[in-house]
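Coordinates in review
Here is how the chains run, residue by residue.
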Amino acid sequence: NEIYLGGLGGIVPELPMTADGLEKRAKEVLGPAEYAYVAGSASAERTAAANRAAFDRYRIIPRMLRGTTGPGARDLSVEVLGTRLAAPVLTAPIGVLELMHEGGEVIVAEVTKELGIGSVLSTAASSTIEEVGAAAGEWWYQLYWPNDPELARSFVQRAERAGAKAIVVTVDTPTLGWRPQDLELAHLPFLHGKGIANYLSDPVFRAKLPTPPEESEDAMRIAILTWVGLFGNHNLRATDLAHLREWTDLPIAVKGILHPDDARLVVDAGADAVVVSNHGGRQVDGSIAALDALPAVVASVGDRADVLFDSGVRSGADVLIALALGAKAVLYGRPYAYGLGIAGRDGARHALRLLLADFDSALGLSGCANVTDPNRGTIAAVR
Ligand code: FNR
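Residues numbered from 1 in each chain as written. Predicted model: local features only at pLDDT ≥ 70, side-chain atom pairs only at ≥ 80, totals over all residues. Heavy atoms only, no water.

Regarding the side chain of Asn51
Quick note on the threshold: Each helix is a run of H or I in the DSSP string that is no shorter than four residues. Each strand is a run of E no shorter than two, and both are numbered from the N terminus. For this analysis, a polar contact is any N or O atom pair within 3.5 Å, provided that within protein one partner can donate a hydrogen and the other can accept it, and provided that sequence-adjacent residues contribute only side-chain to side-chain pairs. Whether two residues are in contact is decided by their heavy atoms, any of which lying within 4.5 Å being enough.
By the secondary structure assignment, Asn51 is in helix α4 (residues 46–56). Within polar-contact distance, the side chain of Asn51 engages the backbone nitrogen of Ala290 at 3.1 Å. Not counting the four nearest positions on each side in its chain, Asn51 is found in contact with Asn278, Gly280, Gly281, Ala289, Ala290, Ser311 and Gly312.

Right, here's the structure in full:
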């Protein structure tokens, strides 16, 4: 309404009104390396395309005459992992948001707080856990589990102290996927030191450095090489979740699950939730579209764990379809980063409000009054 009524006064929106429009604008206004960092996926980028195509194979069958369209007729709120959200949406963890806008992570924390939705802070953030915790409303901490257990514990406990409401362990990235767009541009943002703020501010990490990284370029280079050596844990197993359980009382989600047996394994090992995700197609090219993996995971663990979803969400209808297939909430990825890159705080807020308004509209016009209404009968699979 705000936008249509603005049109009466001759006010035309300055920012694009779709996720695709945001991506297009980002390509025009961002530097090629910055754009490629967000847009790029693994290898031939088939999985990134499949993530979108999978949504196109479902259609909503709207129900009429249910009184769900008026103001106040819908309740979009949801409780997930003990966190109350105004809508079933959290921002996906995206590393090094400083490449999009200075203070990117803090801005996203503030904007999501303002909108009443959640945010998930990346381990590879360009701001510290404490800076973001001070600004955020409901937020979760995403852990890239380093191969030093003391450092892993330090990250988790710093996040808990800073107010995180859950720990999201990303298990699909023990090492980065093969990403030609990054490689062609020799664009390794971390190697400019931008993605390691959490490490540089961590006492366990600093104790491993011979000289403080602030001292010289050489000292910074050594810090970065130390980070590279610690980044991922190639030997992580589901049973390691028991350590996480000892380190924190927070709920645990495991992100990057595609196989129903893996979902069962991590829930048996103590995970409270799984995030069905293929990392936006950035890890294993040719892997199953995340949406196509969702029903089997819901069937395997949906009765004893929350199932969340990301990879390919671009509209309100997409959120509705993911919920209809059993997701409790979705993580929204690239579009908010593009918004941030295009217009900073206003752009990030705009990108998120677009999704929320579109979802609210799709829900009501489909005859749903709340987020638990969509189910398999709400959608049809088409060819
Ligand atoms: C990511 N993603 C990601 N995931 C994670 O657990 N930790 C991280 O630091 C990052 N960093 C990151 C950077 C960029 C530029 C992108 C695009 C993605 C994955 C992210 O959380 C999410 O799974 C995907 O973004 C979902 O795909 P779409 O919907 O954005 O295409």
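Re the pairing of strand β10 (residues 306–309)
Keep this limit in mind: Partly exposed describes any residue whose relative accessible area lies between the buried limit of under 20% and the exposed limit of over 50%, with all areas from a 1.4 Å probe on protein chains only and scaled to the type maximum. Here, any two strands with at least 2 DSSP bridges between them count as paired. When the strands point away from the viewer, a crossover counts as right-handed if the path from the first strand over the helix to the second runs clockwise.
On β10, burial covers both faces: Asp306 and Leu308 on one face and Val307 and Phe309 on the other are all buried. Inspection of the sheet shows strand β9 (residues 273–276) paired to β10 by four bridges, in the parallel sense. From the neighbouring strand, Val276 faces β10, where its bridge partner is Phe309. Following the chain from β9 across helix α14 (residues 290–301) to the adjacent parallel β10, one finds a crossover that is right-handed. Here two bridges tie β10 to strand β11 (residues 329–332), and the two strands are oriented parallel to one another. Within β11, the position partnered with Leu308 by the bridge is Ala329. Tracing the backbone out of β10, into helix α15 (residues 316–324) and back to the parallel element β11 gives a crossover that is right-handed.

Focus on the site of the ligand
Short version of the rule: Proximity is defined per residue: any heavy atom of the residue falling within 4 Å of a molecule or strand makes that residue near it. For the accessible areas, the method is Shrake-Rupley and the probe is 1.4 Å, while residue cover comes only from the protein chains on display. Gly is put with the polar residues, along with every residue not named as nonpolar or charged; the nonpolar set is Ala, Val, Leu, Ile, Met, Phe, Trp, Tyr, Cys and Pro, and the charged set is Asp, Glu, Lys and Arg.
What surrounds the ligand is a group of 22 residues, the closest being Pro93, Ser122, Thr170, Arg314 and Arg334. Arg334 has a polar side-chain atom sitting 2.7 Å from an oxygen atom of the ligand. In the complex, 98% of the free accessible area of the ligand, which totals 610 Å², lies under the protein chains. In terms of residue class, the shell around the ligand is made up of seven nonpolar, ten polar and five charged.

Here we look at the pairing of strand β6 (residues 139–143)
Of all five residues making up β6, five are buried, and the element is well covered by its neighbours. Sheet analysis places strand β5 (residues 118–121) next to β6, joined by three bridges and oriented parallel. Bridge pairing links Val120 to Trp140 in β6. A crossover links β5 with its parallel partner β6, the connecting element being helix α6 (residues 129–135), and its sense is right-handed. As paired elements, β6 and strand β7 (residues 167–170) share three bridges and run parallel to each other. Bridged to Leu143 within β7 is Val169. Read as a crossover between parallel neighbours, the route from β6 over helix α7 (residues 149–161) to β7 is right-handed.

Some points on the nonpolar core
Condition: Put simply, a nonpolar core is a bunch of buried Ala, Val, Leu, Ile, Met, Phe, Trp, Tyr and Cys residues held in one set by side-chain atoms that sit within 4.5 Å of each other.
In terms of nonpolar packing, the biggest core is built from 124 residues, with Tyr141 and Phe309 touching the most fellow members. Looking at this core element by element, the count peaks at 14 residues for helix α16 (residues 334–365). Contact partners of Phe309, with chain neighbours within four places excluded, come to Phe55, Val275, Val276, Ala290, Leu291, Leu294, Ala322, Ala327, Ala329, Val330 and Leu331.

What about the sheet that holds strand β4 (residues 89–91)?
The following threshold applies: Angular values range over 0 to 180 degrees, each being the angle between N-to-C directions of two axes fitted as lines to C-alpha atoms, with helices fitted over their stretch in contact.
Overall, parallel pairing links the eight strands, which are arranged β4-β5-β6-β7-β8-β9-β10-β11 in a closed barrel. Sheet twist, expressed as the average angle between the axes of neighbouring strands with direction ignored, equals 30°. In this structure, β7 lies alongside strand β8 (residues 252–257), joined through four bridges in parallel fashion. Residue pairing in the sheet places Thr170 in a bridge with Lys255 of β8. Across the face of the sheet, α7 comes into contact with β6 and β7 while running at roughly 175° to β6.

Points about the side chain of Thr91
One can find Thr91 in strand β4. If near-sequence neighbours (up to four positions away) are discounted, Thr91 is found in contact with Val108, Thr112, Gly118, Ser119, Val120, Tyr332, Tyr336 and Leu352.

Quick look at the UniProt feature "binding site: glyoxylate" (unreviewed entry) in the chain
As a reminder, the rule being used: UniProt positions are given in the numbering used here, feature names are shortened, and annotations may be inferred rather than shown by experiment.
When the UniProt feature table is mapped onto this chain, "binding site: glyoxylate" (unreviewed entry) is found at Tyr37, Tyr144, Arg179, His279 and Arg282. If we skip the residues at most four places from it in the chain, Arg179 touches Ser41, Ala42, His279, Arg282 and Gln283. Among the structural elements, His279 can be located in the loop between β9 and α14. Leaving out residues up to four positions away in the same chain, His279 has contacts with Tyr144, Thr170, Asp172, Thr173, Arg179, Lys255 and Ser311. Within the local environment of His279, its side chain forms a polar contact with the side chain of Asp172, the two groups lying 2.9 Å apart.

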